[in-house]
Each structure stands twice: as structure tokens, then as C-alpha cells.
Amino acid sequence: MKRIIVIGGGIAGATAAYYLSKQDCEVILIDREDKGQATGAAAGIICPWLSQRRNKKWYFLVKEGAAYYPELINHLKEDGETDTGYKQTGGLVLHKDEIKRDKMIERALKKKEDAPEIGELTPLNAEDVKNSFPFLTEDFYGLHVSGAARVDGKKLRQSLINGIKKNGGRLITGDASLAITDRQVTSVHVDGKELTADRIILAAGAWAKEVLKTVGVEVDVSYQKAQIVHLGVEGSTEQLPVVMPPGDQYLLAFDDQRIVAGTTHENDVPMDDKVTAGGMYEVLNKTLDIAGDLAHATLLETRVGYRPFTPGFLPVAGPFPGIDRLFFVNGLGSSGLTSGPFIGREIAKMALDQQSMINPEDYPLENIIKNI
């Protein structure tokens, strides 16, 4: 029986380990539980079909990621994990210009041909938008996308870890480093203990760079800080759709009378987990501009996470060039909760020598390796 070690318990690593725990192998997930882990901080909107980003390789990952979610959630339910933080609530895509909104509908209908999971597409006038999400202003035309969903990254991660344990896998909390001999990874050291493995998956997000640096390998992995605000409101929030206005702002609701508003996109800042006045101002200012009634909401908490990025803002995934038995995934960025479970499953397949839907040549690690 193969032993596979996964380093990094974010969305990709946790899903990889969960998939492996259901296969004929021994799996160990190692995570340092760093503050600022992107998955733990994130509240995700699963609605990739209307993005205007034209990169087809990126779109493949998010489209397949959205399609995989119902299957993953069903597997977790079969393992007794029902509090996954995932719910198909539908989504509101907003625009102040009715003509541009209609063009958006045309694009969505074309995308639906290859992505039926997008569901029903319904145009909404300003009154309909306000009725669908009462905190919004009456300035928007909308498109309701029935297949859209939301997910609490922290809850989903915990469900995956619970599932791993139930299926016989192990979780070790500690600081992992690689042992490489003759360009082959042979084991992992965790807080002074050595664990041998047949294959190792490194999915350490923004911290992967320091793991590889200890064995003399330098990679171009950066991070972006995100500050996300949680607001408490009165009234039921269970059926509220996710909201995607123009720009990089978003709103989504959870069942406990909670609205999540995000997010900042901060580059070249310290990884210090601090909530800043400027970050709070940016998020709240943009939020109240589109949802003025949230001025009366209670400020519950602010979460901070660090999204990992690679050059070209395209994830990398596959066997690590020049180091046998090592598999690597990184650079999921701001769409990590959408694509992460799918990428995690596929990198696990690669480690098992199973056929993967991802072609590593499309997401080449050579693009990030500086020296080896």
C-alpha cells in the first residue's frame, strides 16, 4: 500500500488528502495551522461562468471546480459531514447599465452550452433586485443565476479533515520540511520526526516557497493579503443569493444572520495578520456604496487571509520537474475556493498514477522555478 503525504491543509491540500483517504493507500496530511491561511479566512462565491477573464486554461479549472462541488458535498454527507458551509443559493450579477447587463446574459447563455450547471438565467429589474437582496440600493439591473452557490472555507476545510480521519487518514500538526537525495524526495521531517513516503504533494499555498527554500529550491510564489468583513443583520439570511456587483466587491450571506463583505487585494504588505483601518475603510466604503442599508449592521469580525499567486495569475499543478516523487500545486489566487477542490482531486490522481483531467503542460511548474 502506497503512503502519500500531503503538506498543506488549505482547500487543495485538504481535498487531495480527502480523495486519497478513499483510495487504497495510506494518507497523512501535515499542516502548520498558520494564521492567515487563505481557505480558513475565505468566504467563496461559486459562480465562475460570467467572469470576463479570457484565459481558457483558467476558466477550465473554475468551470470544472463548480461542476465538482455537488459530488464532493455528497461524498462528505455520506461520511456524516453535513455542516460543510456549502449551499446553492443562486446568485445576483449586477450592472447599472441595462444594455451591458443584457450583453452579460448573452455571454452566460453561450457558457451554458458547455456548463449546464449554471442553471436558469433570469433577468431582473431594479425592483426585483431589491426584493431578492433587500440591503442593496435600487441602482442595479440584475441577472439571477440559479446554479450559483456560496461556501464557508473554514467549515469546508474542517469537514474535509473530519472525513480524512473517518476514512483512516491522519492529520499531523507541525512544521514540515522535505528530505531530498539524488533529486528524489525520500521523506518528510515534522518537528524532528522522519516520515517516509512513496509520493509527496506540496500544497502549502503562500508558505510553499519557504518549504522548498530549505532544500535549495527557489520558486516564484507570491501572496496577496485579503481582509474580509463579517456583518450581523436582522431577519432571515438563509435564502439570500450571493451578490456580484461590477468591480472586485462581493456580498454573500450565511444562515446565521451574517453578511460577508469582501475584499481587499493588497500586494507588497507584510504577512502579519493585522486588520488595518485602510482595509476596513476600503471594504466598508465599497459595501455601503452598493448596499446602503448595511450601515445599520453590526460589525462581527474581520478575517485576514493570504492568497497565493504565481506568474501570470494562473495556477501550476503537476509533478515537480527534477525532483522525483514530488507533486506540487499552487497559485490558486482569488478563485481558490472555486477551483481548489477540483485541482486537489486531480493532483491526488496524479500522485496515484491515475488518469487526471488536468494536463500539467497547461499549468507548467517550469514557469515558477528559479533554480533547482
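An account of the accompanying structure is given in this report. (Residues numbered from 1 in each chain as written. Predicted model: local features only at pLDDT ≥ 70, side-chain atom pairs only at ≥ 80, totals over all residues. Heavy atoms only, no water.)

### Notes on unusual backbone geometry
For the peptide bond that leads from G262 to T263, omega is 0 degrees, which places it in the cis range. By the element assignment, T263 lies in the loop between strand 18 (258-262) and helix 8 (277-290). The backbone phi angle of D182 is positive, close to 50 degrees, even though this residue is not glycine. Within the secondary structure, D182 sits in the loop between strand 10 (176-181) and strand 11 (184-190). On the accessibility criterion, D182 (74% relative accessible area) is exposed. One non-glycine residue with positive phi stands out, namely D268, at about 55 degrees. One can find D268 in the loop between strand 18 and helix 8. (Helix = DSSP H or I, 4+ residues; strand = E, 2+ residues; numbered from the N terminus. Buried < 20%, exposed > 50% of the residue type's maximum accessible area, 1.4 Å probe, protein only.)

### As for a negative patch on the surface
Negative charge collects at one region of the surface, where E127, D128, E138, D139 and D289 lie side by side. As for its placement among the helices and strands, D289 is situated in helix 8. (Patch = residues over 30% accessible without salt bridge, like charges linked within 9 Å, V, L, I, M, F, W, Y side chains within 5 Å. Areas by Shrake-Rupley, 256 points an atom, 1.4 Å probe, with all protein chains shown as cover. Salt bridge = Lys/Arg side-chain N within 4 Å of Asp/Glu carboxyl O. Lys, Arg positive; Asp, Glu negative; His and termini not counted. Charge placed at Lys NZ, Arg CZ, Asp CG, Glu CD.)

### Here we look at the pairing of strand 12 (residues 193-196)
Across 4 bridges, strand 11 lies against strand 12 in antiparallel orientation. By the bridge assignment for strand 12, H189 is matched with E194. Counting the residues in the hairpin turn of strand 11 and strand 12 gives 2 residues, including D191, whose phi is positive at 50 degrees. (Pairing = 2+ DSSP bridges.)

### Here's the deal with the packing of aromatic side chains
Counting across every chain of the model gives 6 aromatic pairs. Judged by centre distance (5.9 Å) and plane angle (80 degrees), the rings of F60 and F342 are edge-to-face. Here the residue F60 occupies a position in helix 3 (residues 56-78), and F342 occupies one in helix 9 (residues 336-351), the gap between them amounting to 282 residues. Using a relative accessible area of 24% as the deciding quantity, one classes F60 as partly exposed. A residue is classified by how much of its surface remains accessible, and F342, at 0% relative accessible area, is buried. Summarising the aromatic geometry, the rings of F309 and F313 are spaced 5.4 Å apart at their centres and angled 80 degrees between planes, so their arrangement reads as edge-to-face. (Phe/Tyr/Trp six-rings, centres within 6.5 Å; stacked < 30°, edge-to-face > 60°.)

### Looking at the sheet that holds strand 9 (residues 170-173)
Pairing is mixed across the open sheet formed by 6 strands, whose spatial order is 9-2-1-13-21-20. Across the chains shown, the open sheet's two edge strands, defined by having one partner strand only, are strand 9 and strand 20 (316-319). Sheet twist, expressed as the average angle between the axes of neighbouring strands with direction ignored, equals 15 degrees. Pairing of strand 20 with strand 21 (residues 326-330) involves 4 bridges; the strand directions are antiparallel. Within strand 21, the position partnered with P319 by the bridge is F327. Running at roughly 160 degrees to strand 2 (residues 25-31), helix 1 (residues 11-21) makes contact with strand 1 (2-7), strand 2, strand 13 (199-202) and strand 21 of the sheet. (Axes fitted to C-alpha atoms, helices over the stretch in contact; angles between N-to-C directions. Contact = heavy atoms within 4.5 Å.)

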